[in-house]
Every structure is written in structure tokens, then in C-alpha cells.
Amino acid sequence: GESVGLHLPTLSVQEGDNSIINCAYSNSASDYFIWYKQESGKGPQFIIDIRSNMDKRQGQRVTVLLNKTVKHLSLQIAATQPGDSAVYFCAENSGANSKLTFGKGITLSVRP
Amino acid sequence: GAVVSQHPSRVICKSGTSVKIECRSLDFQATTMFWYRQFPKQSLMLMATSNEGSKATYEQGVEKDKFLINHASLTLSTLTVTSAHPEDSSFYICSATTSGVFHTQYFGPGTRLTVL
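Positions within a chain are numbered from 1, following the residues in the order the chain's sequence is written. Naming scheme: in the order in which they are written, chains are lettered from A and ligands are numbered from 1. Two thresholds apply to this predicted model, a pLDDT of at least 70 for residue-level local features and 80 or more for giving and counting side-chain atom pairs, whereas whole-chain, interface and lining totals are computed over all residues. The side-chain figures draw on all heavy atoms in the structure; neither hydrogens nor water molecules are used.

A. A look at the interface of chain B and chain A. For this analysis, residues touch if any pair of their heavy atoms sits within 4.5 Å. With 21 residues of chain B at the interface, the matching set in chain A holds 21 residues. Only one rule defines a salt bridge in this text: a Lys or Arg side-chain nitrogen within 4 Å of an Asp or Glu carboxyl oxygen. Here chain B is connected to chain A by one salt bridge. Of the charged contacts, one joins Glu59 of chain B and Lys99 of chain A as a salt bridge, the two residues approaching to 3.0 Å between their closest N and O atoms. Here a polar contact means two N or O atoms within 3.5 Å. Within protein one must be a hydrogen donor candidate and the other an acceptor candidate, and residues neighboring in sequence count only if both atoms are side-chain atoms. Here chain B is connected to chain A by six residue pairs in polar contact (both at pLDDT 80 or more). Among the elements that line the side of chain B that touches chain A, the one with the most residues is strand 4 (residues 32–38) of chain B, at four residues. In this classification, the charged set is Asp, Glu, Lys and Arg, the nonpolar set is Ala, Val, Leu, Ile, Met, Phe, Trp, Tyr, Cys and Pro, and all remaining amino acids, among them Gly, are polar. Taken together, the residues of the side of chain B that touches chain A sort by class into 10 nonpolar, 10 polar and one charged. Note on conventions: DSSP H or I runs of at least 4 residues are helices, E runs of at least 2 residues are strands, and numbering of each starts at the N terminus.

Here it is in C-alpha cells:
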């Protein structure tokens, strides 16, 4: 069936560097995508979203890029900080209801 | 805005007892709430979708008599784990969404259930 997956299970970056987290999705009907951050023992926290009629959206220190041609989504974090260490999930919505399909998650580890 | 709370944050119970978890949207009306289960180092697994005033829609493989969901108002949904057993121990997370074309889900902080 359709699925959302991530290329890498873990990512280690140096504090101050930029981070890029990638996500592949397989449902071409998906029209809305969200990135969530989950810290240990907490619920997922909304970071940024993007609609399928856009290819880029920027927030504070974060940018989401959407490439519908290859069904690829990425999250860029500028000047990565220790507080960015967490598990990041991409999620897609492809139906008339509100259900989201989540990727497997990638752990971002920031080295001091 | 878009704050979702859960209560309790942590619960330990004996096998065979029932546990109720509350999910509240604090500053918005949630047309739909979702209940997820998450095992360590895994992604979120959707258990059911709950709409205010109607019966919950359960995902395949989720026992509706085991996990009772009530969505009595636009700001409150409850999940009751009935006759809990050790294998029900998990991290349970709710989310809430508003009406609209694009449905952003806002998550609660989660409830850690441990069944002895």
C-alpha cells in the first residue's frame, strides 16, 4: 500500500551547521505535508507544513521543500542547536478526512 | 494557540483494571480527535478517529471493545483501556484538528501507561 518513509534512521550534525532531513512519499494524491518534532517522552510538536501547490515554505530557522515530481519532502534546519535534538517525522494527508500517514522517523543528534 | 492537553501524563495500574485518558483542546474547538499508540523508537500508530457526537472509527486490528472512545464535546475526547493487560503498556497520544480544507493535527503531550 501507500507509505511514507525516510531515507536515513539517524543524522548527526555539528552544532551551528545546517541540517537536512529527507522524506520520500509514495502517494501522489497527497496534497498536504507536515513536519513534526518529537522530544523524548513528549508528544509530537508541529514545526512547519506545506501544501502541494507550493514547493518551498520558510519558517523561523526551518525551511520545507517539496518536490512533487520525485515525491520528495525535506526539512532544512539552519544553524542547528542542541535543542533541535529530537526525532523528526514527516506526515502526509491524502484524503478528504484528516488522517495523516506518518513516516518512520529520523533521530537528529547535535554534537556540541 | 492550538494547545492540546492530556491527563494523566503517567499511570500505573494493575492487570484487569480499566484506565481512562482524557484529551482536551484548550483554545480551539476540535471537530476531529485522533488517538495514537507509540512503542519505543517507533512511529505513531493510529488507533481511531473520533468525531464529536458520533461513534469513533477504528483502524484495522484495533479492538473497539478494548479501547473505548467517547467524544462528548468539541473540546474533549476520552480513551478508556478496558481490562488492561501488560501488553497494553505503551505511550498513548491524542491529537486534535479543526475544520477546514487542510487539517493540521496538534498533539497532546502523551500518556505513559504501565500495566503491572
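B. Here's a closer look at the environment of Thr82 of chain B. All names here are of chain B. Relative to the assigned elements, Thr82 resides in the loop between strand 8 (76–81) and strand 9 (90–97). We classify Thr82 as buried; its relative accessible area is 18%. Along the backbone, Thr82 and Arg37 are 45 residues apart, and their C-alpha atoms lie at a distance of 15 Å. In this structure the side chain of Thr82 is engaged in a polar contact, spanning 3.1 Å, whose partner is the backbone oxygen of Asp65. Exposure classes here rest on a 1.4 Å probe applied to the protein chains alone. A residue is buried below 20% of its type maximum, exposed above 50%, and partly exposed in between.

C. Fine view of the packing of aromatic side chains. Pairing of aromatic rings covers Phe, Tyr and Trp, the last through its six-membered ring, and needs centres within 6.5 Å; plane angles under 30 degrees mean stacked, over 60 mean edge-to-face, and all others mean tilted. As enumerated under the stated definition, the model contains 12 aromatic pairs over all chains in all. Between Tyr36 of chain A and Phe46 of chain A the ring centres are 6.4 Å apart and the planes differ by 80°, which places this aromatic pair in the edge-to-face class. Note that Tyr36 of chain A is positioned in strand 4 (residues 32–38) and Phe46 of chain A in strand 5 (residues 45–51), a separation of 10 residues in sequence. Relative accessible area serves as the criterion here: at 27%, Phe46 of chain A is assigned to the partly exposed category. With centroids separated by 5.9 Å and ring planes inclined at 75°, the aromatic side chains of Phe102 of chain A and Phe107 of chain B adopt a geometry described as edge-to-face. Placement of the pair is Phe102 of chain A in strand 10 (residues 101–102) and Phe107 of chain B in strand 10 (residues 106–107), with the two residues belonging to separate chains. Of the two residues, Phe102 of chain A and Phe107 of chain B, both sit in the buried class. Following the ring pairs from residue to residue traces out a cluster consisting of Tyr36, Phe46, Phe89 and Phe102 of chain A together with Phe28, Phe34, Tyr36, Tyr106 and Phe107 of chain B.

D. Looking closely at the nonpolar core. Only buried residues count toward a nonpolar core. Its members are Ala, Val, Leu, Ile, Met, Phe, Trp, Tyr and Cys residues joined through side-chain atoms within 4.5 Å. In this structure, Trp35, Phe67, Leu79, Tyr92 and Leu113 of chain B are the most contacted members of the largest nonpolar core, which totals 24 residues. Only strand 2 (10–13), strand 3 (19–25), strand 4, strand 5 (44–51), strand 7 (67–73), strand 8, strand 9 and strand 11 (111–115) of chain B provide two or more residues apiece to this core. The contact partners of Leu79 of chain B, leaving out residues within four places of it in the chain, are Val19, Lys20, Ile21, Trp35, Phe67, Leu68, Ile69 and Tyr92 of chain B. Of all hydrophobic cores here, the second largest spans 21 residues; its members include Phe33, Ile48, Val64 and Cys90 of chain A.

All we've got here are geometric facts, nothing functional implied.
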